[in-house]
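Topology and contacts: notes
In case you want the letters, here they are:
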Amino acid sequence: MPSIRQISGLVLIIVAVVILIFSYNAYITGYHKTISTSNFTFLFSGIFWDLIGVFVSAILIAIGLILAYPKGARWLANRDSGRR
């Protein structure tokens, strides 16, 4: 049976994916508004929210991975250390 840490890690990863979807949607909406109105404010706003979504999602995915699967997170962090 999964522990509370694993469940909370998976929830964080799912929330991060939802944030990525919404941030991409904000970018596409801004792009289409820019095409239809020739106002670049919409495009820059879409790019801004897309970048914010990517940064927040990356942090949430990292935290969720550490909580849900700590051995895999440790393996990802240490996989380049043995090549030197």
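Residues numbered from 1 in each chain as written. Predicted model: local features only at pLDDT ≥ 70, side-chain atom pairs only at ≥ 80, totals over all residues. Heavy atoms only, no water.

Some points on the overall build of the chain
Looking only at helices and strands, the chain has 3 helices and 0 strands in total. Its helices and strands in sequence order give the chain the pattern α-α-α, from N to C terminus. A compact globule built from 84 residues should have a C-alpha radius of gyration of about 12 Å, whereas the chain, at 18 Å, is more than 25% larger. Along the first, second and third principal axes, the C-alpha atoms of the chain reach 50 × 40 × 10 Å. For the chain, buried positions account for 18% of its 84 residues. Of the accessible surface of the chain, which amounts to about 6,500 Å², a share of 72% is contributed by carbon and sulfur atoms. (Helix = DSSP H or I, 4+ residues; strand = E, 2+ residues; numbered from the N terminus. Rg over C-alpha atoms; globule rule 2.2 N^0.38 Å. Buried < 20%, exposed > 50% of the residue type's maximum accessible area, 1.4 Å probe, protein only. Areas by Shrake-Rupley, 256 points an atom, 1.4 Å probe, with all protein chains shown as cover.)

Concerning the confidence of the model for the chain
Residues of the chain with pLDDT of at least 70 account for 96%, and the chain-wide mean is 90. Within the chain, the element-level pLDDT minimum falls on helix 3 (residues 70–78), averaging 85, and the maximum on helix 1 (residues 4–37), averaging 94. (pLDDT = per-residue confidence, 0-100.)

Looking at the packing of aromatic side chains
Applying the stated criterion across every chain yields a total of 2 aromatic pairs. Ring centres of Phe 40 and Phe 44 lie 6.4 Å apart, and the angle between their planes is 35°; on these two criteria the pair is classed as tilted. Placement of the pair is Phe 40 and Phe 44 together in helix 2 (residues 40–68), with a separation of 4 residues, close to one helical turn. On the basis of an interplanar angle of 70° and a centroid distance of 5.0 Å, the ring pair of Phe 48 and Trp 49 is categorised as edge-to-face. By relative accessible area, Phe 48 is classed as partly exposed at 44%. (Phe/Tyr/Trp six-rings, centres within 6.5 Å; stacked < 30°, edge-to-face > 60°.)

Points about the environment of Val 11
Take Val 11: it is sitting in helix 1. Sequence spacing of Val 11 and Tyr 31 is 20 residues, and the spatial spacing of their C-alpha atoms is 30 Å.

Comments concerning the side chain of Thr 34
The topology assignment puts Thr 34 in helix 1. Side-chain polar atoms of Thr 34 contact the backbone oxygen of Asn 39, separated by 3.3 Å. Ignoring any residue separated from it by four or fewer positions in sequence, one finds Thr 34 in contact with Asn 39, Phe 40, Phe 42 and Leu 43. (Polar contact = N/O pair within 3.5 Å; in protein donor to acceptor, adjacent residues only side chain to side chain. Contact = heavy atoms within 4.5 Å.)

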